[in-house]
Amino acid sequence: QVRLVESGGGLVQAGGSLRLSCLAHGSFFSIADMAWYRQAPGKPRELVAHITSGGTTTYKDSVKGRFTISRDIAKNTMYLQMNNLIPEDTAVYYCNAPVHNYWGQGTQVTVSS
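Residues numbered from 1 in each chain as written. Predicted model: local features only at pLDDT ≥ 70, side-chain atom pairs only at ≥ 80, totals over all residues. Heavy atoms only, no water.

*Asks:* Would you take a moment to explain the sheet that holds strand β8 (residues 77-82) for this structure?
*Replies:* Working definition: the strands of a sheet are paired by backbone hydrogen bonds and lie parallel or antiparallel to each other. Spatial strand order, β1-β3-β8-β7: four strands in an open sheet with antiparallel pairing. Looking along the sheet, the strands with just one partner apiece sit at the ends: β1 (4-7) and β7 (67-72). Each adjacent strand pair in this sheet contributes to an overall mean axis angle of 15°, direction not counted. The pairing of β7 with β8 spans six bridges and is antiparallel. Residue Thr68 lies in a different strand from β8, and its bridge partner there is Gln81. (Pairing = 2+ DSSP bridges. Helix = DSSP H or I, 4+ residues; strand = E, 2+ residues; numbered from the N terminus. Axes fitted to C-alpha atoms, helices over the stretch in contact; angles between N-to-C directions.)

*Asks:* Any chance you could explain the state of the cysteines here in plain terms?
*Replies:* Two cysteines form a disulfide when their sulfur atoms are joined by a covalent bond. With the rule as written, the count across this model stands at one disulfide. Each disulfide pairs two cysteine sulfurs, and for Cys22 the partner residue is Cys95, the sulfurs being separated by 1.9 Å. Note on the Cys22 and Cys95 pair: the S-S dihedral is about -75°, so by sign convention the disulfide is left-handed. Separated by 73 residues along the polypeptide, Cys22 in strand β3 (residues 18-24) and Cys95 in strand β9 (residues 91-97) bring together distant segments of the chain. For Cys22, a relative accessible area of 0% translates into the label buried. Of the residues examined, Cys95 reaches a relative accessible area of 0% and is grouped as buried. (Disulfide = S-S within 2.5 Å. Buried < 20%, exposed > 50% of the residue type's maximum accessible area, 1.4 Å probe, protein only.)

This is the structure we're talking about:
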């Protein structure tokens, strides 16, 4: 029933780094576009990064140069490497398979000043 499971969130100081992981359960992962979203308290969910099945990536403007989305097909895992974190990055981060409308349960990222 659970198709996507995120992990890797936590508390980090501004300027620090975290790497989020999204483990996919199912054969869809190898051919599906994937994305990371985030939702801050009281704010709507927003797209952070997207990666096509072919590996083409796009990013929200505010994270360009700081975040990197990637995937390891053999491991059925997508990653979000987050560097130079700022407090505005604080949110619950969600893994998404857009075509399938699969969502993970979310992982909390908190960045302190």
